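Each chain, written out:
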Amino acid sequence: MHELSMAQAIVDTVLDAAKKNDAQEILEVTVEVGKLTMLNPEQLKFLMDIITEDTLLENAELIIEEIAVEIKCSSCDFKGKASTEGSDHYLTIVKCPECGERNVEITKGRECNVKNIRIEKVDEDA
Amino acid sequence: MHKIADVEIQHDIMVANRKLARQNQRIMDQKEVFSVDVLGAIGSGKTSLIEKLIDHMDQKIGVIAGDVISKYDAGRFESHNVPVVGLNTGKECHLDAHLVEHALHDLPLEEIDLLFIENVGNLICPVDFDLGSHLRMVVISVSEGDDTVEKHPLIFQDADLVVINKVDIADAVGASVEKMVDDVKQLNPDVQVILSSLKLGKGLDEIITAIESYIGKK
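For the structure given in this document, a descriptive report is provided here.

Quick notes on the rules
- Residues numbered from 1 in each chain as written.
- Chains lettered and ligands numbered in written order.
- Predicted model: local features only at pLDDT ≥ 70, side-chain atom pairs only at ≥ 80, totals over all residues.
- Pairing = 2+ DSSP bridges.
- Helix = DSSP H or I, 4+ residues; strand = E, 2+ residues; numbered from the N terminus.
- Axes fitted to C-alpha atoms, helices over the stretch in contact; angles between N-to-C directions.
- Contact = placed C-beta atoms within 7 Å.
- Buried ≥ 20, exposed ≤ 12 C-beta atoms within 10 Å, placed from the backbone.
- Arc of directions from axis to C-beta.
- Parallel < 35°, antiparallel > 145°, perpendicular 65-115°, else oblique.
- Left-handed = near helix turned anticlockwise from the far one by under 90°.
- Nonpolar A, V, L, I, M, F, W, Y, C, P; charged D, E, K, R; others polar.

1. Some details on the sheet that holds strand β1 (residues 2-12) of chain B
With respect to topology, four strands assemble into an open sheet ordered β2(A)-β1(A)-β8(A)-β1(B), the strand pairing being mixed. The open sheet has two edge strands, β2 (61-67) of chain A together with β1 of chain B, and neither has a second partner. Taking each pair of neighbouring strands and ignoring which way they run, the sheet shows an average axis angle of 20 degrees. Bridge analysis of strand β8 (residues 112-122) of chain A against β1(B) gives nine bridges, and the strand direction is antiparallel. In the strand pairing of β1(B), A:I117 is matched with B:V7. Sitting on the sheet, helix α1 (residues 13-30) of chain B touches β8 of chain A together with β1 of chain B, and the angle it makes with β1(B) is about 30 degrees.

2. Notes on helix α3 (residues 71-78) of chain B
All names here are of chain B. Of the residues making up α3, those classed as buried are D73, A74 and F77. The arc that holds every buried residue of α3, seen down its axis, measures 100 degrees, which confines them to one face. Looking at α3, the residues exposed on the side facing more than 90 degrees away from the buried face are K71, Y72 and G75. The elements touched by buried residues of α3 are α2 (46-56), β3 (61-67), β4 (84-88) and β5 (114-118).

3. Some thoughts on the environment of B:L53
Residue and element names in this part refer to chain B. Within the secondary structure, L53 is located in helix α2. Along the chain, L53 and H102 lie 49 residues apart, while their C-alpha atoms are 24 Å from each other. Ignoring sequence-local partners within four residues, the contact set of L53 consists of F116 and I208.

4. Regarding the packing of α1(B) against helix α4 (residues 97-106) of chain B
Residue and element names in this part refer to chain B. At a minimum axis separation of 8 Å, α1 and α4 run at an interaxial angle of 25 degrees. In terms of axis orientation, α1 runs roughly parallel to α4. Crossing geometry of α1 relative to α4 is assigned as left-handed. Across the interface between the two elements, N17, L20, A21, Q23, N24 and I27 of α1 pack against A97, H98, V100, E101 and L104 of α4. In the contact of α1 with α4, the residues fall into six nonpolar, four polar and one charged.

5. As for the interface of chain B and chain A
Every contact between the two is made by 28 residues of chain B and, on the other side, 34 residues of chain A. Taken together, the elements giving at least two residues each to the side of chain B that touches chain A come down to β1, α1 and α6 (153-157) of chain B. For the side of chain B that touches chain A, the element with the most residues is β1(B), which contributes 11 residues. Across the side of chain B that touches chain A, the residue classes tally to 15 nonpolar, six polar and seven charged.

6. Topic: the environment of B:I208
All names here are of chain B. For I208, the position within the fold is in helix α9 (residues 204-217). Separated by 155 residues in the primary sequence, I208 and L53 have C-alpha atoms spaced 7.2 Å apart. Apart from the residues within four sequence positions on either side, I208 is in contact with L53, H56 and M57.

7. What to know about the sheet that holds strand β3 (residues 70-73) of chain A
All names here are of chain A. The sheet built from three strands is open, its strands ordered β4-β3-β7 with antiparallel pairing. Of all strands in the sheet, those with a lone pairing partner are β4 (79-81) and β7 (104-108), marking the two edges. Taking the axes of each pair of neighbouring strands and ignoring which way they run, one obtains an average angle of 30 degrees across the sheet. The sheet contact formed by β3 and β7 spans four bridges and is antiparallel. Residue pairing across strands places K72 opposite E105, the latter belonging to β7.

8. Examining unusual backbone geometry
Residues and elements named next belong to chain A. Unusually for a residue other than glycine, D22 sits at a positive phi of about 55 degrees. Structurally, D22 is set in the loop between α1 (3-20) and β1 (23-34). Positive phi is not limited to glycine here, since D54 has a value of about 60 degrees. Relative to the assigned elements, D54 resides in the loop between α2 (41-51) and β2.

9. Overview of the packing of α2(B) against α3(B)
The angle between the axes and the distance between the axes are what describe a pair of packed helices. Residues and elements named next belong to chain B. It is at 10 Å that the axes of α2 and α3 come closest, and there the two elements cross at 20 degrees. The orientation of α2 relative to α3 falls into the category roughly parallel. As for how α2 packs across α3, the hand of that crossing is right-handed. Here α2 contributes T47, I50 and E51 to the contact with α3, which in turn contributes D73, R76 and F77.

This is how it looks when you write it as structure tokens:
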């Protein structure tokens, strides 16, 4: 539901990096989205398509990588990948895979990380 | 000639909000203000609850009234003679730490002990945006249906205090309060769940005691 503002933040971040690196075109953008964010990857893609018209990002491919949930268990001190019930992105219930405890500290899975971009630029060495 | 280059960015958009949230909490700590983020669905009773807390708590209270159009709720709080800042989110479905930071600058924090931040009525989007508050209180009501907790697990997993309001009309709307409590406990076993009917004054004392105990623990 807040995909538009997140899409805009991603676009701003990417365009800034592209400018700093003298990109003539952006070919690919990879964004990591945590499984616990309330972001729908399909909506994010749709909105990115719309707001990147007439920018360096216009023809870029958006790759969204889902980040699994990692936890630190408050009960048994387990650290690592959580057990997540419910395959639906929004109905994830986070539990410790060792002891089943739900009182856990989430250490991964809430990111919306602009990971990297692939750009085309002038080859000054050529 | 052109060449293809891979550029590492590693910029987490969520981190920017979390950093601002921590900064907000530092500002409030310096001014000895305890803050409560009041979350919940549209019409669950967030505004009514804050109004009653203003009237019944022995604290110097201030309010940040967040809404798509905030002037209606802000006006209600102003009539209780407390400092209020309205935050319009416009098309956005949640408050974020940046908006709250602006509101903190506009409030007389020296004159406030307890700050309520009323979030936009929404059980989904505010989950992603920490505001820097000391306590997250989620207010729901039976009229939203007794499956509202299981449909929105994350907000309950994150909550410090859960209020189930309008329990007096549970039978009329065919909602099982027991199911709602069980669903919250499934998600967050240690969280305190308070049943209330703000219209009848039920549960208000318990909510006040719970908030005060958190202030004491800080």
